[in-house]
Each structure stands twice: as structure tokens, then as C-alpha cells.
Amino acid sequence: DDISLEYQLSPGSRGTLTLYRILNPEKVIELGGPQQFQNSDDLSLRQVNQYTIRKSNDDYYYGDVNLGRVGPGMYFAQLESNGSKSATLLVVSDLSLVTKSDEDTVLVYSTDKDGVARKAKVYLVRQGVTNEDGTTRSGSIYAEGLANDEGLTEFSKDTEESLIVAAKFGDS
């Protein structure tokens, strides 16, 4: 399916939306995870496409750009307009995860888009945080495991931290 991104520009503005594939997506976790993410020279980016956006002079600030079909992977989309930049991450995957957890255990079920169990490599990831003094702590892998033939991965946990579940199977 085609992927579209919504954007916001001032009336009469022009902008450039550049889509990059992140060649080292594990660095996003080290840089704080999706919630704390900022672009960095540590990311290895390959430009996929660039789109010119022009807004008419009406009062309508929002629009969308069709990126077409994009293969599985992690992407960085950056909009530049009038000297300012904004960005978002996109994750395109054929892998689906169902997660259940309690105080001591996290159970993850991995399937493809058709519901077939997949032996995905599954990660529990600590989120990056900004401390009260303004310093940041990078995200880090709390645990990792390989799903069994039924697509299940079970983790024991001894933390009350909020953890992100991520997985990799092939290019997804």
C-alpha cells in the first residue's frame, strides 16, 4: 500500500520534504528511542526521494504527500520550510507484534501480515530519558530473545521502567 504523510505549512509557503532510509536503525535506540529521537550525525542515512511542497494562499495549512510504496525499514522524513525543519520517523514492517505483560513477565507473539508465526528477534528496550538537570540517558537494550516456532518470546523482568518492544525479522 502507498504511504502518505500529512504536513502543515503557512499559506503561500514552499517546503521540501526529504525521505531518508535509516541504514543503522539500532542507533535510534541508542539516541533515546522514538520518543526522545533527534537527528544526529551518528545515523547513516540514504536519501530515498525528495518532494517539493507548495501551499496556495488560502487559509488551509494542512496537506499530505503520497510517498508511494516504501519497502520495509526505518525512515526519517524531514520537512524544511522558511529556514525551519521538522521531522518524523516512519517504521514500515510486514511484522506484527502482540504483547502482554505483568509485573514479572513480558510475552511477545510475532506474526507476518497474514498471521503466520515468525521466529523474530525480539528486544525489550529502555527508553532514553531527560534527567531533571537536563542531561539525557540514551536508550539501551534491556533484553533480547528469539521467538520459538510458534512466534512466542517470553522475558522475565525485574524493573518497573517503561519498556518498548521491538523486533526484527528479515527486512522488517
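Notes on the structure in this doc start here. (Residues numbered from 1 in each chain as written. Predicted model: local features only at pLDDT ≥ 70, side-chain atom pairs only at ≥ 80, totals over all residues. Heavy atoms only, no water.)

This part is about the pattern of salt bridges. A complete count under the given rule lists three salt bridges for this structure. Here Lys-119 ties to Asp-149 by a salt bridge, and the two come within 3.4 Å at their closest N and O atoms. Taken as a pair, Lys-119 in the loop between strand S8 (105-112) and strand S9 (121-126) and Asp-149 in the loop between strand S12 (140-146) and strand S13 (152-156) lie far apart in primary sequence, 30 residues in all. Looking at Lys-119, the relative accessible area reads 41%, which means it is partly exposed. The shortest N-O distance in the salt bridge between Lys-121 and Glu-144 comes to 3.0 Å. You can see Lys-121 sitting in strand S9 and its partner Glu-144 sitting in strand S12, a full 23 residues away along the chain. A relative accessible area of 44% places Glu-144 in the partly exposed class. (Salt bridge = Lys/Arg side-chain N within 4 Å of Asp/Glu carboxyl O. Helix = DSSP H or I, 4+ residues; strand = E, 2+ residues; numbered from the N terminus. Buried < 20%, exposed > 50% of the residue type's maximum accessible area, 1.4 Å probe, protein only.)

So, on to the sheet that holds S12. As a general point, the strands of a sheet are linked pairwise by backbone hydrogen bonds and lie either parallel or antiparallel. Strand order in the open sheet made by the three strands is S12-S9-S14, with antiparallel pairing throughout. The sheet is open, and its two borders are formed by S12 and strand S14 (163-168), each paired with just one other strand. Taken pair by pair, the neighbouring strands of this sheet meet at an average axis angle of 25 degrees, ignoring direction. (Pairing = 2+ DSSP bridges. Axes fitted to C-alpha atoms, helices over the stretch in contact; angles between N-to-C directions.)

Before going further, it helps to examine the side chain of Thr-153. Counting through the fold element by element, Thr-153 comes out in strand S13. Separated by 3.3 Å, the side chain of Thr-153 and the backbone nitrogen of Ala-147 make a polar contact. In this structure Thr-153 touches Val-106, Leu-107, Val-108, Val-122, Gly-145, Leu-146 and Ala-147, once residues within four positions along its chain are discounted. (Polar contact = N/O pair within 3.5 Å; in protein donor to acceptor, adjacent residues only side chain to side chain. Contact = heavy atoms within 4.5 Å.)

Attention shifts here to the pairing of strand S5 (residues 73-81). The side chains of a regular strand alternate, first on one face of the sheet and then on the other. With eight of its nine residues buried, S5 lies for the most part within the structure. Strand direction decides the pairing type here: strand S2 (residues 14-22) and S5, joined by seven bridges, are antiparallel. Bridge pairing in S5 places Tyr-20 opposite Phe-76. Relative to strand S6 (residues 84-92), S5 runs antiparallel, the two being bridged by nine bridges. Across the sheet, the residue bridging to Ala-77 is Thr-88, located in S6. The antiparallel hairpin formed by S5 and S6 contains two residues in its connecting segment, where Asn-82 sits at a positive phi of about 50 degrees.

Now for the environment of Gly-145. Counting through the fold element by element, Gly-145 comes out in strand S12. Overall, the relative accessible area of 17% leaves Gly-145 in the buried class. Here the alpha-carbon distance between Gly-145 and Val-122, two residues 23 residues apart in the chain, equals 5.3 Å. Not counting chain neighbours up to four residues away, the residues in contact with Gly-145 comprise Ala-120, Lys-121, Val-122, Thr-153 and Phe-155.

On the surface, Asp-102, Glu-103, Asp-104 and Glu-160 cluster together into a negatively charged patch. Residue position: Glu-160 is located in the loop between S13 and S14. (Patch = residues over 30% accessible without salt bridge, like charges linked within 9 Å, V, L, I, M, F, W, Y side chains within 5 Å. Areas by Shrake-Rupley, 256 points an atom, 1.4 Å probe, with all protein chains shown as cover. Lys, Arg positive; Asp, Glu negative; His and termini not counted. Charge placed at Lys NZ, Arg CZ, Asp CG, Glu CD.)

Right, let's get into the nonpolar core. Grouped together as the largest cluster of nonpolar side chains are 16 residues, with contacts concentrated most on Leu-5, Leu-17, Leu-19, Leu-67, Val-70 and Leu-90. Those elements giving two or more residues to this core turn out to be strand S1 (3-8), S2, strand S3 (45-54), strand S4 (62-68), S5 and S6. Setting aside chain neighbours within four positions, we find Leu-67 in contact with Ile-3, Ser-4, Leu-5, Leu-17, Leu-19, Tyr-51 and Leu-90. Core analysis: the second largest hydrophobic core is formed by nine residues, Val-106, Val-108, Tyr-142 and Phe-155 among them. (Core = buried A, V, L, I, M, F, W, Y, C linked by side-chain atoms within 4.5 Å.)

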